[in-house]
Structures are given as structure tokens and as C-alpha cells.
Amino acid sequence: MFAVHLLAFHFTKLKEDQIKKVDRYLYHMRLSDDVLLDVMARFQAEMVKGLGRDTNPTATVKMLPSFVRSLPDGSEKGDFLAVDLGGSQFRAHQVKVFDDGKQSSQLESKFYPTPKEVIQGNGAELFDYVADCLLDFMETKNLKHKKLPLGFTFSFPCKQTKLEEGVLLAWTKHFKVRGVQDTDVVSSLRKALQKHEDINVDVLALVNDTVGTMMTCGYDDQRCEVGLIIGTGTNACYMEEMRHIDLVEGDEGRMCINTEWGAFGDDGALDDLRTEFDRELDLGSLNPGKQLFEKMISSLYLGELVRLILLKMTKEGLLFNGKVSTALLTKGKIEMKHVSAMEKYKEGLSNTKEILTELNLFPSEEDCVAVQHVCTIVSFRSANLCAAALAAILTRLRENKKLLRMRTTVGIDGGLYKTHPQYAKRLHKVVRRLVPTCDVRFLLSVSGSGRGAAMVTAVAHRLAAQRQCIDATLAPFLLHLGILREVMDKMRAELEYGLKRETQANATVKMLPTYVCGTPDGTEKGKFLALDLGGTNFRVLLVKIKSGRRRSVQMYNKIFAIPLEIMQGTGEELFDHIVQCIADFLEYMGIKGARLPLGFTFSFPCRQASIDKGTLVGWTKGFKATDCEGEDVVDMLREAIKRRNEFDLDIVAVVNDTVGTMMTCGYEDPNCEIGLIAGTGSNVCYMEDMKNIEIVEGNEGKMCINTEWGAFGDNGCIDNIRTKYDKEVDEGSLNPGKQRYEKMTSGMYLGEIVRQILIDLTKQGLLFRGHISESLRKKGIFETKFLSQIESDRLALLQVRRILQQLGLDSTCDDSIIVKEVCGVVSRRAARLCGAGLAAIVEKKRENRGVERLQITVGVDGTLYKLHPHFSRVLRETVKELAPQCDVTFMLSEDGSGKGAALITAVAKRLHNVGQK
């Protein structure tokens, strides 16, 4: 028993001594975590360099865009072909993808040799051979007369400008075919296929094997967004944010980047880590100075590295008693399969003895232990370096997503990873140590290069079909110039109907006279009160206007709430509440005794008989106070003041907020004769020549007309451009059949139009995996402010997804792109329609003045115009297109309903005083 223990101790001691000896000899190959973190940082820097337009030409890690923009979502289905060129054999595959809810697929393959004369001949022969093999495969599977989409796995570095195109940058892996480098390989394959009239295939995608690996695993696990190959060669790909890829136009969504990381270090970035053995191996390779990272990692080179180390150690007398065999001197005699066998857990030492004996080296036990440890150090360094670069990719993904912690899946393939007994375990362990903030699942790919190509093709096929459906859905919103001219002409006709006595009663655009007969001229001065009633809050303002060289407007205001019971009580209660608020404000400002002129902004439809008389046509915005409709609101206010009997006011004008907007801007720019509101509602006013206003007596001067253009189209004149979504929104509104133009152009309705489209696209299976969530069913959930946020150029898709998540909509990256597109189409149409209406007004103004070219300013207010990232630009561009003879300046209004009301009052007082003189 003692003898057994002694023997075991002796062997352990012997093993320790040999391991220490090898560790000392190869200490440069043993990489600490600090070194690996440094490699990780270096690789991150190389990735950034490869993605930049200016830095890419000198980058070693080329970061090639693959034009694969989407991962499988499980809805793919159909029959697909794939051909796979890049290994020792050429492969043809048929992949059936089933839409059975189980995400299942079936692969049938046939392997063909790749003769030396083909892989080292000319390009035409190579692609003819590929086409011949595919024809044979299709005959075998009885597919010859079917039209099928095909994916082409081409495992060599290619520069792609689209998914179905790729220019070969360089041959690798013993391929040296003449006349193919710098040409489009898909085009060459298509030419070869065209020679066979009975083959009817559509080459939809060119795929790198690494990308194929990611897509295959992505079909089984939708978290998979990294592909990794560790075999004869090594490479990685991952899904990068489009906004970071300078080499491709566009910022929306993501694209798979084929890193081609094998060339990392070709610029000397890893020279401090490369050993004398790495340099010797490189010098003896087919491509010296190239693919230096790959030469430290992939199975094509690890066996040769082990041979070079053993050779030097033997020459130095550290192994085999210093006796070198002919086999040990022969390049390629130790292969990766030998390294794997020597590292096996139990039979490793006996395998080592057998392999070394075959090399005529006659090893001792000590030699076997030392050689096994050399293998371990070489393969462990490979796993370490691979883990460092992969950790850099995972960190970039996490930072792109702005997550503190990320769950993701890496799809992985390659003989070294699959067959080496320790490699996978080592790689996983080091990756998790280097990136503790990433929870990584490693998923082994099955037939990645073939199935993956079919998956890329299936996704491309799905996206093309989806694109067709989305385009068809959104086509009615894309209004070309001809249609916009029609809208402009119809608006012009409706303006005329509203101004003429005999047609006004039946006109939809009511063209209401406001009795505002002038714009500010700069001489206005004094103290004025303004009231602003138009929503759940009510404002009282004191406005001090100074004239002359120190012209200025000072404002003091107080906001009061209007409780629901007052909004929906009696008219008397409402106006008593308003007067109570005025009394509080006058007390607060210390001006209760002064009889000040007052302008009343009353943002509800009114018919005016004079500037200080306004009859309420009907309540909107949730107001339902009784005994008000059909009554003069100025009289109701005066009576409420009398009832209180505390103060007196001179009510000079009842004002619409659109007119207030024009007047505010008119104070700054005398050329401003149009006011536009583009916010919750939509409306325009403008200064019309009195001679054209048949419904008001007198032909001299001008008067501001409140068009109330929101009702344009209520007579059916724009039904040809109303979509089914517009009709659904109209039918579900508080006033069906009314304000149709407003419902296509104003902030109150755009979000609801978007919601209706999203529901339809979801029903078609084009969004949210075909699932209509409870929140999407809720009317009004999609407020217009979300459109503004989603369409912001500064907002990445990740933030768009967060907004949708706040709304209870669980979206993928692809969903977010579609939602953003829908928002853009709806808001652009609104701006274009608004522009067409405004073009009709400015053209009318030009004709009124009888000038060849008009210069005019439009005062604008409203959240849609102010806050939406594109609305104002599109509106301006449309007016310019439709009214090229008008130079229109747009001026943002500052408090049209408060300051504007005071200015209207001031102008009315000035004109009244002039009239009295």
C-alpha cells in the first residue's frame, strides 16, 4: 500500500516539475486577465476604427456590413435553396421552414468535392461547377421546375453594398481562383445559372458563414445577435446599430457586421503578445503578415505552433534527450486533431505517447507530461484571445443598448470549438470573467453555413413581402404634387364660397368676419386686460404696451382652474366664476378701481356681428355649460360683472386665438397678414379686402377673416384623399362628419390615425408578432406628443422602443422602424395638406394685391408646428412648391391668445379714436 502511495507521489512530483518547466519556457503565452482586458480594449478601438468612414481604409479589422438587417422572428416559412462554398467540400441544401408555431425547419443536403483544378483554376470554371452541382441537386430532389429563392454562403471576405451583391476582397483557405478578386461573385453565379434554362432560382442573399451561424441560432433563440466561428479559420459577426455604421447610408435599425477579426494585429497591434513561434509560423504560411490573430487562434495553425515549440525545446535538450526526428522537422506533421487527442482528460497521456511514438520521438513519461502541457498552453491561449475579442463585442452590444446588465446569446460553430475536449468550457469561463455584466448563452449551430444562408434568404423573402404590404397600406398617405394642387384649388374655391353672400350659408369653410380691421402700426400704448378661455385653465393678463423708440410689451398673468362642475354647469355659473377670477387678479395687481379696456380670447366657434359681439355657435373641448349656445358671450360677461358690482371693464373685443396669433406677429412685423394655428386644432385667419367680403357692409379697407378651415371637406370635396383610417377616426370622434380637414391635419387626431394603422398592420401580422395588445386597443393612447418624440432625429431606435414599451407595446427593432415610418407618413401628410391650404391663402393674397411676386409673413402658433421635429419644415417646403411666386416668411407667435388679445384691443381703441376725430 505504501509503495502505491510512493509511486503516486513520485508521478505527481514528476508532473509538477514538467509543468513548471513548460510554464517557465512558455510564460509569454500565458495571458493574465489584465492582459486580456487590455486586448479587449484594443479590439474595441479597432472596431470603432473599422466602422468609421475616414478610418476604415487603414483599419485591419474591416467591420464589413453584411446588409442583413433583421434576425428571424419565427414567422418565416417556405422552401429555400442554399449553396455553400468555402470549405473542403461544396454543399447544396434544401431547407423547408415551417410556420407551425414550433419554429421548425428541415434540412436536406448533398456534398460535392472541390477539385484542385476548380479551386485553383479560373472564375468561369468555378461558377460553372457550382451551377452544375446545384442542377444535379435539384434533379435529385425533383425541384428543377420550381422557382425557389437561394442563399449563397461564400466564406471569404467580401465587400457588400447590398444583400445580394458582394465583391471578393481576397481568397483564403487554399482557394486561388483567377479573375474573381474585385468582382461581384453573385453576378458571376447568376451568369453561370443562366446557362441552365431549366434552373429557375432567385439569388436573394450572399452570406458569410459566420452570419449564417448567427441566423441559424437566431431562428431557435431570438436573443441571438452574435455569430462566432472557431474552426479552421476564426471570425465573428454581430448586430450593430445603423447610426454607428458610417459605411452605409441611413441611421435606422441595425445591421449585421462581419468583423473579419482574423486580421486583428496585422498592423502590429499585437506584436507585444506574439512569440518567436508565432513569427516563425507566420513566415512559413501562404500569407505572411496577414491574419495574425487567426494564426494565434484557429485550428489550421495550432498544431503547427505545437510542433515548432517541441522542435525548439528538443534542440535545447529539454525533450526527448535532445534527439530530433525527421517527422518533427516536417511542417504540418502535428495537426489539431493530435492536439485535441493529447489534451483528453483521461486518455490524454496515453494518446500523447502514441502520437509522439508515431513521430519517432520515443518519449519518456516526463516528455509526455511536458508535451501535453505545451498543447494545453497553446489551446488555452487561443481560447483566451478569442474570449477577449468576444468580450469586446458583447460590451459594445451592451453599451449600444444602454443597459447595466444584458442577456444575450452567441451562436457558435467550428471544429475547434466542437471537437476539442476543453475548449468550449475554457472559452465560456473566461468570457464570463471578462464581462460579468453580460449573461451569455452559447448556442451550438447546426449546419450554420447552409441553414443560415437559407434563414437569411427566408428573412429577406419575409421582409420583401412585408415591405410590399406596408407600402400598400401607406401608399394613400403619399400625396404627390398633382393631388396637392387639387387640394389647393378646392380650398381656394371653398374660400370664395364662404365670402359670397349667396353661397355662404351652405359653405363648409365659413370665412367668419372678425371685425378686426387693422394690424398694429407701433403707435399702440397703454394698459390692457386680456382674458383667455379655451380649455380647462383660464388666464387673466395685464398687458402694458409702450410705443416709440422704447417700444415694448410687458405682461403679468395668473392662471385659474375651471372645475368640471363649472364647465358642465349653467352659463351663469361659468361667467360668475370667470368674473370671480378677474376680481382676484385685479385685487392681486392692485388695479381694481381702473376701468381698463379688455380683450376676450374665446377659443370656441363664434359668429360675430361686430368686434365686441360674439354669438357662441357651439361648445367644444368638453365644455357643456347650459344657456350659452346662441347667446352673445360678451353680453354674458358684462351681466356677470354687473351682478358682482365690484368693478367695471371696457370690453372692446372678443378674439379668436388664430387672430391673436396674427396680431402678435404683426406687432413685430408689419408684413404679417396671416395667422396659422397648427396644434391640437388647425385654423387660419388672414386680412381680406373688404370689397371681397360680401357678407359685411362696406368696401373700404381690410378685415381679418377667421376661415375656420377645419371644416374644409365636410361637403365631401376631399373624400378622394381620405383613407379608411381617416374614416375610422372620424366615426369614433365626438363630431362625426365634421371638421374633416382638421382631423387629417391637427395634433388632436394624428396619434389616433397612427393607432388605427398600427392595429391594421398588426392584424396583417406585420407588427408586434401579430398580437394586438390591450393598450393598442385603447382609443387615444397614442398621443401626438409621442409622434414628435418618435420622429425626433436625435432619438435612437432603442429610445423609440422604450416609448412604445411605456405605451404597453412590446416591440422588436423591426417593429420600431415600422412604427417610426408610420408616424412619419401621417405627420408628413398633415404638413403637406396644411401647406396646400396655406398656399391657397397666400395665392389669394397675391391676386388681391395684383402683384407678380408677393412678400408676406405668416404668424404661427401651435404645439404641432413648434414641437414636431419635421412638421414646420415640410409645411414651408410645400407652400414654396405650390405658391412659387410668393416669398413667405414664417414667424413664431409669442402668446397669441394673451398678448394678441391685448394688441387687438389696442388696435381697436386706436382705430376707434381715429374714427371719432
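Residues numbered from 1 in each chain as written. Predicted model: local features only at pLDDT ≥ 70, side-chain atom pairs only at ≥ 80, totals over all residues. Heavy atoms only, no water.

1. Describing the overall build of the chain
Formally: Counting from the N terminus, the helices are DSSP H or I runs at least four residues long and the strands are E runs at least two residues long. C-alpha atoms define the radius of gyration, and 2.2 Å times the number of residues to the power 0.38 defines the globule rule. Exposure categories follow from relative accessible area, calculated using a 1.4 Å probe and restricted to protein chains: below 20% of the type maximum is buried, above 50% is exposed, and the middle band is partly exposed. When checking whether two residues touch, look at their non-hydrogen atoms; a contact exists if any pair is within 4.5 Å. We get accessible surface area from the Shrake-Rupley algorithm with a probe of 1.4 Å; when it comes to residues, only the shown protein chains can shield them.
The number of helices and strands found in the chain is 32 helices and 26 strands. Rg of the C-alpha trace for the chain: 39 Å, well past the compact-globule value of 29 Å for 917 residues, more than 25% over. Seen through its principal axes, the chain has C-alpha atoms that stretch 125 × 70 × 50 Å. Buried positions account for 58% of the 917 residues belonging to the chain. Across the chain, the fraction of contacts at a sequence separation of at least 24, relative to all contacts at a separation of at least 6, is 70%. Accessible area for the chain stands at about 38,700 Å²; split by element, carbon and sulfur atoms hold 51% of it.

2. What about the state of the cysteines?
Note the cut-off: In plain terms, two cysteine sulfur atoms within 2.5 Å form what is called a disulfide here.
One pass over the structure, following the stated rule, counts zero disulfides. In this structure C133 is a free cysteine whose sulfur lies 19 Å from that of C158, the closest cysteine sulfur available. No disulfide involves C375; its nearest neighbouring cysteine sulfur is the one of C368, lying 11 Å away. Given the relative accessible area of 0%, C375 is considered buried.

3. A short note on the pattern of salt bridges
To be explicit about the condition: Every case where a carboxyl oxygen of Asp or Glu lies within 4 Å of a side-chain nitrogen of Lys or Arg is listed as a salt bridge.
As enumerated under the stated definition, the model contains 60 salt bridges in all. Where E316 meets K312, a salt bridge forms, and the shortest distance between an N and an O atom there is 3.5 Å. By relative accessible area, E316 is classed as partly exposed at 43%. K312 sits in the partly exposed class, given a relative accessible area of 27%. The salt bridge involving K418 is made with D413; its shortest N-O contact spans 2.8 Å. Judged by its relative accessible area of 12%, D413 falls in the buried class. Linked by salt bridges that have partners in common, R492, E496, K500, E688, K844 and E847 make up one network.

4. What to know about the sheet that holds strand 18 (residues 597-602)
Cut-off, in case you're wondering: Between any two strands, pairing holds if DSSP finds at least two bridges. In this analysis, axes come from line fits to C-alpha atoms, helices being fitted only over the stretch in contact, and the angle between any two N-to-C directions falls in the range 0 to 180 degrees.
One open sheet holds the five strands; their spatial order is 17-16-15-18-21, and the pairing between them is mixed. Each edge of the sheet is formed by a strand with only one pairing partner; in this case those strands are strand 17 (552-561) and strand 21 (650-655). Direction aside, neighbouring strands of the sheet carry axes that sit 20° apart on average. In the sheet, strand 15 (residues 526-533) pairs with strand 16 (residues 537-546) via eight bridges, with the strands oriented antiparallel. Residue L529 lies in a different strand from strand 16, and its bridge partner there is L542. This element, helix 20 (residues 571-589), spans strand 15, strand 16, strand 17 and strand 18 of the sheet and lies at about 130° to strand 17.

5. Some words on helix 17 (residues 481-499)
Put simply, the rule is: Helix span, as expected, comes to 1.5 Å for every residue beyond the first.
The end-to-end C-alpha distance of helix 17 is 27 Å, a good match for the 27 Å that 19 residues give at a rise of 1.5 Å each. Buried within helix 17 are the following residues: I483, L484, V487, M488, M491, R492, E494, L495, G498 and L499. Its buried side turned inward, helix 17 meets helix 18 (501-504), strand 23 (682-689), strand 24 (702-706), helix 24 (740-745), helix 29 (813-849) and helix 31 (871-882).

6. Focus: the environment of A59
Among the structural elements, A59 can be located in the loop between helix 2 (33-51) and strand 1 (64-65). Counting along the chain gives 11 residues from A59 to V48, while the straight-line C-alpha distance between them is 9.2 Å. Beyond its immediate stretch of four places on either side in the chain, A59 contacts K49 and G50.

7. A look at a negative patch on the surface
Test applied: Here the term patch refers to residues with relative accessible area over 30% and no salt bridge, with like charges joined within 9 Å and nonpolar side chains (Val, Leu, Ile, Met, Phe, Trp, Tyr) within 5 Å. The convention is simple: Lys and Arg are positive, Asp and Glu are negative, and His and the chain ends are not counted. Throughout, a charge is located at the NZ atom of Lys, the CZ atom of Arg, the CG atom of Asp or the CD atom of Glu.
Side chains of E572, E573, D627, E631 and E639 sit close together on the surface and give a patch of like negative charge. Following the sequence through the fold, E631 ends up in the loop between strand 20 (613-616) and helix 21 (633-644). Its relative accessible area of 40% is what places E631 among the partly exposed residues.

8. Some words on the pairing of strand 7 (residues 165-168)
Residues G166 and L168 of strand 7 are buried on one face, while the alternating residues E165 and V167, pointing to the opposite face, are not. In this structure, strand 6 (residues 158-162) lies alongside strand 7, joined through three bridges in antiparallel fashion. The residue of strand 7 that forms the bridge with C158 is L168. Between strand 6 and the antiparallel strand that follows it, strand 7, lie two residues.

9. Some thoughts on the packing of aromatic side chains
Condition: Classification of ring pairs uses Phe, Tyr and Trp, with its six-membered ring standing for Trp, and accepts pairs whose centres are within 6.5 Å; under 30 degrees between planes counts as stacked, over 60 as edge-to-face, and the remaining range as tilted.
Tallying each qualifying case throughout the model produces 22 aromatic pairs. Pairing F600 with F602 gives two aromatic rings, centres 5.4 Å apart and planes at 65°, and the pair type is edge-to-face. For F602, a relative accessible area of 2% corresponds to the buried category. Aromatic pair F602 and F604: ring centres 5.0 Å apart, planes at 55°, arrangement tilted. For F604, a relative accessible area of 2% puts it in the buried group.

10. Focus on the sheet that holds strand 13 (residues 438-444)
A sheet is described by the order of its strands in space; here six strands give the open sequence 1-11-10-9-12-13, paired in mixed fashion. Edge positions in the sheet fall to strand 1 and strand 13, since each of these pairs with one other strand and no more. Strand direction decides the pairing type here: strand 9 (residues 224-230) and strand 12 (residues 406-413), joined by five bridges, are parallel. Note on strand 12: the bridge partner recorded for V226 is V410. Docked against the sheet, helix 15 (residues 423-434) engages strand 9, strand 12 and strand 13, running at close to 160° with respect to strand 13.

11. Section: the side chain of T275
Among the secondary structure elements, T275 is positioned in the loop between strand 11 (254-258) and helix 7 (276-283). Classification of T275 by relative accessible area gives buried; the value is 9%. With sequence-adjacent residues up to four places away left out, T275 is seen in contact with H28, M29 and R381.

12. Some details on the packing of helix 9 (residues 299-315) against helix 13 (residues 365-400)
Formally: Relative orientations are named as follows: roughly parallel for angles under 35 degrees, roughly antiparallel for angles over 145 degrees, roughly perpendicular for angles from 65 to 115 degrees, and oblique for any other angle. Handedness of a crossing follows from how the near helix is turned relative to the far one, being left-handed for an anticlockwise turn of less than a right angle and right-handed for a clockwise one. All amino acids are sorted into three groups, where Ala, Val, Leu, Ile, Met, Phe, Trp, Tyr, Cys and Pro are nonpolar, Asp, Glu, Lys and Arg are charged, and the leftover types, Gly among them, are polar.
Between helix 9 and helix 13, the shortest axis-to-axis distance is 10 Å and the interhelical angle comes to 140°. Taken together, helix 9 and helix 13 sit at an angle that is classed as oblique. In this structure, the crossing between helix 9 and helix 13 has a hand that is right-handed. Of helix 13, the residues touching helix 9 (which contributes L302, L305, V306, I309, L310 and M313) are V371, V374, C375, V378, S379, R381 and S382. By residue class, the composition of the contact of helix 9 with helix 13 is 10 nonpolar, two polar and one charged.

13. Focus on the confidence of the model for the chain
Going by this rule: Confidence per residue, as judged by the predictor, is encoded in pLDDT with a range of 0 to 100.
Chain-level statistics for the chain give a pLDDT mean of 88 and a share of 96% at 70 or above. Here residues 1-11 is a poorly scored stretch, pLDDT under 50, and it has three contacts once near neighbours within four places are set aside; other chains count.

14. Considerations on the packing of helix 17 against helix 29
Here helix 17 crosses helix 29 at 55°, and the two axes come no closer than 8 Å. The angle between the axes of helix 17 and helix 29 places the two elements in the oblique class. In this structure, the crossing between helix 17 and helix 29 has a hand that is right-handed. Where helix 17 approaches helix 29, its residues L481, L484, V487, M488, M491, R492, L495, E496 and L499 are matched on the opposing element by R832, L833, A836, G837, A839, A840, I841, E843, K844 and E847. Considered class by class, the residues forming the contact of helix 17 with helix 29 number 12 nonpolar, one polar and six charged.

15. Details of unusual backbone geometry
We note that F67 has phi near 65°; this positive angle belongs to a residue other than glycine. Even without a glycine there, the phi angle at D627 is positive, about 60°. Tracing the backbone through its elements, the reader meets D627 in the loop between strand 20 and helix 21.

16. Remarks on empty space enclosed by the protein
Under the convention used in this document: Only protein atoms enter the calculation, which uses a 1 Å grid: trapped sets of points that fit a 1.4 Å probe without letting it out are cavities, open sets showing protein on both sides within 12 Å along at least five of seven lines are pockets, and any residue with an atom within 4 Å of a point is a lining residue. Grid points are joined across faces, edges and corners, and a volume is the space filled by probe spheres set on the points.
The tally for this structure, following the rule as stated, stands at three cavities of 30 Å³ or more. Along its surface, the largest cavity is lined by L512, P513, T514, F602, F604, C606, Q608, V654, V655, N656 and N706. Secondary structure elements with two or more residues in the lining of the largest cavity: strand 14 (512-513), strand 19 (606-610) and strand 21. When its residues are assigned to classes, the lining of the largest cavity shows seven nonpolar, four polar and no charged.

17. Some points on the environment of L903
Following the sequence through the fold, L903 ends up in helix 32 (residues 899-916). Judged by its relative accessible area of 0%, L903 is buried. Sequence separation between L903 and F528 is 375 residues; the distance between their C-alpha atoms is 8.5 Å. Apart from the residues lying within four places of it in its own chain, the contact partners of L903 are I545, M663, T664 and Y667.

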